[in-house]
Amino acid sequence: MSRTIRMLALDEVETLVDWAAAEGWNPGLGDAVAFQAADPDGFIGAFVDGEMVAGISAVAYGDDFGFIGLYICRPDRRGEGHGKAVWDAGMARLGNRTIGLDGVVEQQANYRSMGFAPAYRTIRFVGSPNGPAEADSDIRAIGPEANVLDYDSRFFPAPRRSFLEHWLRPPHMALAIIRDGVIEGYGVARRCRDGCKIGPLFAASLDAASRLFAALANAPGPGNVYLDVPETSGSFAALLSSVGLQPGFETARMYRGKAPQVAQSGVFAITTLELG
C-alpha cells in the first residue's frame, strides 16, 4: 500500500465536510469555502490509489495559534494507520504554536496523552425555540467591517480576517447589537444539513447574548437551531433550556501549550467545532 499525504483542494475539503456530516456533526451548507479561506494550506489528506482515505484541518491563525479539526478517517479504511498519518502531518504543520481542538469524550484521554489539556466543556444545544422574536431596534445586520473584526479579537485567540470575510457575508446572517455606535455583541446564523447553527455568539452580557440569540434563531425560518455552548457562559444554558432547546453531546476545548487569554465569559457559543 502506497500512501500519499498532501494538501487538499477545495473540492476535497468539501468531501471532508461531507464526511463530517455523515458522522453526525451537522456542518453548514457552505462551510468548506469559508474554512479553506481561513488557511488555504491548512487542510491535509491521506490518499491511497488516488482516493482520499483520511483528512484533517490544521489551520494556522498567524504564528502563535492553530486549531485542529475535521480529523476523520473513512470508515472502510480505519485501522490502517491513515488517521495517524494525517494527525502527524497536521501537528507538524502547526509546529510550536499553541494548538486548540474540541475533543469528543471518547478521545479526550488520547488527546491528553499527546500533550493537550482540557480548558472547559462545550455542550451542543438543539431544538426549536418557543415563540417569535420581538423587534429590537439595537440589532442590525453587519459585515466584516473593521470594528466587527476588532470586537471578534476579544473573544478569539488570534486575528482571522480571511475567515470572517466569508463568514460574515450572505447567505450567512450576521447581526450585532450596537448602541451609541458601540458593539455590545455579535453573532452569525447559517443553514446546516439540519436546521441552522448559531456561531459565534459573542457578547458583553447575558442580556445582549439572549437578544441576539432570539433574533438569530428566528431569522432563518422553521427548524432546529444548534449552538455549541461553553460551560463558562454562566446561566445562558438555563436560558436556552427555558425556550425549548435541549443539551446533547459534549466536547472539551483542549490546548497544547499555554491556553490563550480571551474574554471567555463573553463566549456564549463558539464559532465551529472544526476551526475553533
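Let me begin by describing the structure that accompanies this report. Just so you know, these numbers come straight off a predicted model, no measurement behind them.

**Overview of the nonpolar core**
Ranked by size, the top nonpolar core spans 43 residues in total, and within it Phe35, Phe43, Tyr61, Phe163, Tyr186 and Leu275 carry the most contacts. If one sorts the elements of this core by residue count, helix 1 (residues 10-22) sits on top with five residues. For leucine 275, the contacting residues outside a window of four places in its chain are Phe35, Ala38, Phe43, Ser57, Val59, Tyr61, Phe67, Phe156 and Phe163. Counting residues in hydrophobic clusters, the runner-up holds 25 residues, among them Ile177, Ala189, Ala215 and Val225.

**Points about the layout of surface pockets**
Estimates place the volume of the largest pocket at around 660 Å³. For the largest pocket, the lining is made up of 24 residues, of which Trp25, Tyr71, Ile72, Gln107 and Tyr111 are closest to its centre. Every element with two or more residues in the lining of the largest pocket is listed here: strand 4 (65-73), helix 3 (82-94), strand 5 (98-104), helix 4 (108-113) and strand 12 (246-256). It is strand 4 that provides the largest number of residues to the lining of the largest pocket, a total of six residues. Residues of the lining of the largest pocket, tallied by class, amount to 13 nonpolar, six polar and five charged.

**A closer look at empty space enclosed by the protein**
Applying the stated rule across the entire model yields one cavity of 30 Å³ or more. Volume-wise, the largest cavity comes out at about 100 Å³. Looking at the largest cavity, it is lined by 13 residues, and the ones nearest its centre are Tyr120, Phe155, Phe156, Arg253 and Val267. Here the residues of the lining of the largest cavity are counted per class, giving nine nonpolar, three polar and one charged.

**Section: helix 3**
End to end, helix 3 covers 19 Å across 13 residues, agreeing with the expected 18 Å (1.5 Å per residue, within 8%). Buried within helix 3 are the following residues: His82, Gly83, Ala85, Val86, Trp87, Gly90, Met91 and Leu94. Looking one or two residues past helix 3, glycine 95 carries a phi angle of roughly 60 degrees, positive in sign.

**Topic: the environment of glutamate 23**
Positionally, glutamate 23 belongs in the loop between helix 1 and helix 2 (31-38). In this structure, glutamate 23 is in contact with Ile72, Pro75 and Arg78, ignoring residues within four places of it in sequence.

**Considerations on the side chain of arginine 160**
Examined against the element boundaries, arginine 160 turns out to sit in the loop between helix 5 (146-152) and helix 6 (161-167). Judged by relative accessible area, which is 4%, arginine 160 ranks as buried. In contact with arginine 160, other than residues within four places in its own chain, are Tyr61, Asp152, Tyr186, Pro200, Phe202, Thr271 and Gly276.

**Focus on the environment of glycine 185**
With respect to the helices, strands and loops of the structure, glycine 185 is situated in strand 9 (residues 182-191). Residue classification places glycine 185 among the buried residues on the basis of a relative accessible area of 0%. For the pair glycine 185 and leucine 201, spaced 16 residues apart in the sequence, the C-alpha separation amounts to 7.5 Å.

**Here we look at unusual backbone geometry**
With an omega of 10 degrees, the peptide bond running from proline 170 to proline 171 counts as cis. Within the secondary structure, proline 171 is located in the loop between helix 6 and strand 8 (173-179). Residue proline 200 is bonded to the preceding glycine 199 through a cis peptide linkage, with omega at 0 degrees. Within the element layout of this structure, proline 200 appears in strand 10 (residues 196-203). Residue leucine 70 is not a glycine yet carries a positive backbone phi of 50 degrees. With respect to the helices and strands, the residue leucine 70 is situated in strand 4.

**With respect to the pattern of salt bridges**
Pairing is possible between side chains of opposite charge, provided their charged atoms come close. Applying the stated rule across the entire model yields 20 salt bridges. In this structure, the salt-bridge partner of arginine 160 is aspartate 152, at a minimum N-O distance of 2.8 Å. With respect to burial, arginine 160 and aspartate 152 carry one shared label: buried. When the shortest N-O distance is used, the salt bridge between arginine 179 and glutamate 184 registers 3.1 Å. Residue arginine 179 is classed as partly exposed on the basis of its relative accessible area of 36%. Via salt bridges that share partners, Asp136, Asp138, Asp207 and Arg211 belong to a single interconnected network.

**Here's the deal with the packing of aromatic side chains**
On inspection of all chains with the given rule, the structure shows 16 aromatic pairs. Note on phenylalanine 65 and phenylalanine 156: the rings are 6.0 Å apart at their centroids and 85 degrees apart in plane angle, and the pair reads as edge-to-face. Residue phenylalanine 65 is found in strand 4, and its partner phenylalanine 156 is found in the loop between helix 5 and helix 6; the two are separated by 91 residues along the sequence. Classification of phenylalanine 65 as buried rests on a relative accessible area of 3%. Seen from the ring of phenylalanine 47, arginine 6 lies directly overhead, with NZ or CZ sitting 3.9 Å from the centre. A cation over a ring is seen here: arginine 160 above phenylalanine 156, with NZ or CZ 3.9 Å from the ring centre.

Criteria and cut-off values
Residues numbered from 1 in each chain as written. Predicted model: local features only at pLDDT ≥ 70, side-chain atom pairs only at ≥ 80, totals over all residues. Heavy atoms only, no water. Core = buried A, V, L, I, M, F, W, Y, C linked by side-chain atoms within 4.5 Å. Buried < 20%, exposed > 50% of the residue type's maximum accessible area, 1.4 Å probe, protein only. Helix = DSSP H or I, 4+ residues; strand = E, 2+ residues; numbered from the N terminus. Contact = heavy atoms within 4.5 Å. 1 Å grid on protein atoms, 1.4 Å probe; cavity = no way out; pocket = protein on both sides within 12 Å on 5 of 7 lines; lining within 4 Å. Points joined across faces, edges and corners; volume = space filled by probe spheres on them. Nonpolar A, V, L, I, M, F, W, Y, C, P; charged D, E, K, R; others polar. Expected span 1.5 Å × (residues − 1). Salt bridge = Lys/Arg side-chain N within 4 Å of Asp/Glu carboxyl O. Phe/Tyr/Trp six-rings, centres within 6.5 Å; stacked < 30°, edge-to-face > 60°. Lys NZ or Arg CZ within 6 Å of the ring centre and 35° of its normal.

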